[in-house]
Amino acid sequence: MIDIEKIRKDFPILNEKVYGKSLVYLDNGATTQKPQQVIDAICECYAHYNSNIHRGVHFLSNKATDIHEKSRETIREFINADSSEELIFTAGTTESINLLAYSWGDFCVEEGDEILVSEMEHHSNLVPWQLLCERKGAKFKYIPFDDNGVLSSDFDSLINEKTKLVCVNHVSNALGTINPIKDIIEKAHAKGVKVLVDAAQSIQHIKVDVKDLDCDFLVFSGHKIYGPTGTGILYGKKDLLNAMSPWQSGGEMIETVSLDKTTFNVLPFKFEAGTPNYVGNIALGRAIEYVNEIGIDNIEKYEADLLKYAHEKLSSIPSLKIYGNAENKASLISFLIEGTHPYDIGTLLDRMGIAVRTGTHCAETVMQHFDIPGTIRASFAIYNTKKDIDDLYEGLLKITKMLGL
Ligand SMILES: Cc1ncc(COP(=O)(O)O)c(C=O)c1O
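Here the structure is a predicted model, which means the values were calculated and not measured. (Residues numbered from 1 in each chain as written. Predicted model: local features only at pLDDT ≥ 70, side-chain atom pairs only at ≥ 80, totals over all residues.)

## Quick word on the sheet that holds strand 4 (residues 87-90)
Strand pairing in a sheet is mediated by backbone hydrogen bonds. Such pairs are either parallel or antiparallel.
Step number 1: Taking strand neighbours across the sheet as the criterion, the 7 strands line up as 4-10-9-8-7-5-6 in an open arrangement whose pairing is mixed. Unpaired on one side and paired on the other, strand 4 and strand 6 (139-143) mark the two borders of the sheet. With strand direction ignored, the average angle separating the axes of adjacent strands in the sheet is 20°.
Step number 2: With 5 bridges joining them, strand 9 (residues 217-221) and strand 10 (residues 232-236) adopt antiparallel strand pairing. Along strand 10, the bridge assignment pairs Phe220 with Ile233. (Pairing = 2+ DSSP bridges. Helix = DSSP H or I, 4+ residues; strand = E, 2+ residues; numbered from the N terminus. Axes fitted to C-alpha atoms, helices over the stretch in contact; angles between N-to-C directions.)

## Focus on the domain arrangement of the protein
Step number 1: When the domains of the protein are assigned, the result is domain 1 (4-26 + 295-402) and domain 2 (39-293).
Step number 2: Between the C-alpha centres of domain 1 and domain 2 there is a distance of 28 Å.
Step number 3: The interface of domain 1 with domain 2 comprises 22 residues on the first partner and 23 residues on the second.
Step number 4: Taken together, the elements giving at least two residues each to the side of domain 1 that touches domain 2 come down to helix 10 (296-314), strand 14 (332-337) and helix 12 (364-370).
Step number 5: No other element matches helix 10, which puts 5 residues into the side of domain 1 that touches domain 2.
Step number 6: Taken together, the residues of the side of domain 1 that touches domain 2 break down into 10 nonpolar, 8 polar and 4 charged. (Domains from an automatic or database assignment. Contact = placed C-beta atoms within 7 Å. Nonpolar A, V, L, I, M, F, W, Y, C, P; charged D, E, K, R; others polar.)

Structure (C-alpha cells):
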C-alpha cells in the first residue's frame with residue numbers, strides 16, 4: 001500500500017508556488033521531479049568522494065568507482081539483465097539510440113535492407129533510423145496505428161527477409177498506448193529480426209524485464225524515472241554488443257593504444273568513452289533504489305487507478321476529445337478542447353498553477369495521423385493524486401465556460 005503523503009514529502013519542488021498557487025505538476029512525461037534522496041546522493045558525491053572513476057589508485061577514486069559500479073548493478077537487477085556488462089551508461093534515450101544507429105546500424109545494415117519503425121515513435125526513435133537508411137540506401141518502413149492509438153496487428157506482412165531491425169516504444173509518449181512488445185518481439189524473432197524497445201515512457205510506470213521480453217536492445221532516460229538529467233541506459237544482449245564497433249572513441253574505451261593500432265576495452269567500457277557522468281549515474285542508481293523502495297508493482301497499480309479516474313473525469317467534459325483510447329494505457333492523457341489551440345489551453349492552465357505539456361510532444365507523425373496541430377498532455381507520476389486531477393478538471397471547466405464552449 002502506497003503512503004502518498006509520505007512520498008510527496010520526498011519531493012521538495014511540490015511545495016513550490018507558481019503565480020501564488022500550489023504547483024500541480026502534470027508534465028511527468030517530459031521529466032519527473034526528483035526526491036530528496038536523489039538530490040542528496042548528488043550532493044554527497046560532490047561533498048565527500050568526488051573523484052574521476054576507473055583511473056585512480058587513490059582512496060576517493062576507488063570509492064567513487066565502487067559506488068558507480070554498484071549503481072550499474074542496481075539498474076541491472078531492476079531490468080533483470082543477465083550481466084552488468086550489458087548496460088551502457090549514456091546521456092539518455094536519444095544518445096542510446098544514436099549510439100545504436102551508428103554502431104550497430106553502420107555495421108549491420110546494408111543497401112536494400114529494411115528498418116521497421118512504428119508510426120507512433122518519438123522523434124528520437126525515428127529520425128536516427130531515417131538518417132541511417134539514407135546513409136546506407138536502406139528502406140525505412142513503418143507500422144501504422146488506428147484511430148484508437150493501437151498498432152496494426154498485421155505486423156507479419158511488414159517483416160520480410162530484408163528487415164534488419166524493428167524499433168518500437170513500449171509506451172507511446174503522445175497517446176499513452178502500452179504496445180504489445182512481447183508479442184512483437186516474438187514475431188520478429190521468428191523471422192530472425194532484432195528488436196529495439198524504447199522504454200523511455202514505461203520504465204517509470206510498469207515492470208520492465210529484459211529477459212522476459214527477450215528484447216535485443218532496450219533504452220531509457222534517467223530523468224524520466226526520478227533520476228538526474230544527462231543520464232540513461234542502453235541495454236543490449238552481450239553477443240550483439242560484443243559484435244558492435246565502438247561509437248565514440250577516446251579515453252577509457254581502449255585496451256591498448258600505439259601509433260600503429262588501438263584495441264578496445266571490454267564491455268561495457270568499450271562504449272563509454274571519456275569521463276562519464278559518474279555523479280549522475282550514481283544518483284540514477286539511487287533513483288532506482290527509491291523506486292524499489294516503493295515497488296514498481298505498487299506504482300503500476302496506483303497510477304492505473306489515477307489514469308482511470310482521469311479518463312472518467314476528463315471525458316465528462318463535452319468539448320474535450322481524448323487522443324489515444326487503447327485498452328492498455330499507461331499514465332498519460334492527450335486531449336484537445338474543441339475549437340481551441342492546445343497552446344492557449346496550456347497557457348490558461350499554467351496561470352492556475354497547473355503544468356501540462358502542449359504541442360506535438362516530439363511525435364509529429366502521431367499529430368499527422370489525426371491531422372491536428374498537437375495536443376494537451378497530462379502525464380502522471382507516483383506523487384500525483386486524485387486532487388491533482390480534480391484541479392485539472394476544475395481548471396478545464398473554468399476555461400471552457402470562459403470561452404463559451
Ligand atoms: C518515448 C520517448 N522516447 C524517447 C524520448 C527521448 O528522451 P530524451 O530526451 O531523454 O533523450 C522521449 C522523451 O520524451 C520519449 O518520451
